[in-house]
Amino acid sequence: MLPTFYQTHLQKQLTQAQFLLLTILLNLIQSEKQVRLERLVRVFPYPITTESRRRKLQRFLDLPQLTISQIWFPLITHWLTLYCRTGQTVSLAIDRSQWGCINLFMVSLIWERRAIPLYWSLLPKLGNSNLEEQTLVLQQVLPLFKKYKVIVLGDREFCSVDLGDWLRTMGVSFCLRLKKNHCLETENLIWQRLDRLGVKPGTSLYFQGVKVRKTQPIAGFDIACKWKRDYRGVKVKDAWFILTDLGSLPKALAAYKQRMGIEEMFRDCKSGGY
């Protein structure tokens, strides 16, 4: 059963017949654990032919009001008013995953070790996203959080210093993991690669208000460096180098650790997804 505020909102956007069809469809997806149209068509409980059921579902899924902004954003906004107080810090994870020719970019709200999808976009290409695509997606989401303090978390795909600079201009905090080939200015006009700072397993460093570059330098960032110690024979391959503006090593590490354990839907499968 959908929560009451889901039902109230959806009934405003859909006719009674459309709302009933959506309710049945959601129940089938949960019971069948499939989103393939062919599978849903076969089990859809309408006393009409299979081909008629297919056309009916296709017409329903093509309804102009079934958009993220019209259906999903109002539900997220209402959910935030129920569970988040004004001024509360919330963490948004940005991630991308590719299954065959499907390249999905996602922004999620981290809540109690779960990732609640906020906005998603199918990229018209394969491979990593670029700064323009990243900022375009974030611009769709950030207005929902004007009443809250936002921290954006991203892995090494989103290591662009330019993205950090853009987030800073938007008044948004961030923890973006850098690749080890980025450089920071340790002294005036003296640049050093991150992997040559001397960080070893079990050690950490924090640099405040430094210039960072991969190509053109940008000033005023913090860099949190952490390499977990080996534990019970398990060796951690790489150190974390995190571009941030949170002001301290504990805050940066605590924020970035929220990304761990929420990525099940982004795990790539050799079979091409699920």
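Residues numbered from 1 in each chain as written. Predicted model: local features only at pLDDT ≥ 70, side-chain atom pairs only at ≥ 80, totals over all residues. Heavy atoms only, no water.

## Quick word on the pattern of salt bridges
By the definition in use, this model includes 11 salt bridges. Of the charged contacts, one joins R55 and E51 as a salt bridge, the two residues approaching to 3.8 Å between their closest N and O atoms. Taken together, the positions of R55 and E51, both in helix α4 (residues 50–61) and 4 residues apart, correspond to about one turn of that helix. Looking at R55, the relative accessible area reads 39%, which means it is partly exposed. When its relative accessible area of 37% is taken as the criterion, E51 is described as partly exposed. We note a salt bridge from R96 to E157, for which the minimum N-O separation is 2.8 Å. Here R96 is found in strand β1 (residues 89–99), whereas its partner E157 is found in the loop between β4 (149–154) and α7 (161–169), with 61 residues between them in sequence. If you follow the salt bridges from partner to partner, you end up with E38, E51, R54 and R55 in one network. (Salt bridge = Lys/Arg side-chain N within 4 Å of Asp/Glu carboxyl O. Helix = DSSP H or I, 4+ residues; strand = E, 2+ residues; numbered from the N terminus. Buried < 20%, exposed > 50% of the residue type's maximum accessible area, 1.4 Å probe, protein only.)

## Considerations on unusual backbone geometry
Despite not being glycine, E112 has its phi angle at roughly 50°, a positive value. Tracing the backbone through its elements, the reader meets E112 in the loop between β2 (102–111) and β3 (114–122). With phi around 65°, L189 is a residue other than glycine that occupies positive phi space. Relative to the assigned elements, L189 resides in the loop between β6 (183–187) and β7 (190–193). Accessibility expressed as a relative area gives 69% for L189, which makes it exposed.

## Comments concerning the nonpolar core
What tends to happen in soluble globular proteins is that the nonpolar side chains get buried as a cluster. Ranked by size, the top nonpolar core spans 52 residues in total, and within it L92, V107, F145, L167 and I223 carry the most contacts. Among the elements that make up this core, the one with the highest residue count is helix α5 (residues 68–83) (7 residues). When near neighbours in sequence (up to four residues on either side) are disregarded, I223 contacts L178, L184, L194, L205, Y206, F207, V210, V212, I242 and L243. (Core = buried A, V, L, I, M, F, W, Y, C linked by side-chain atoms within 4.5 Å. Contact = heavy atoms within 4.5 Å.)

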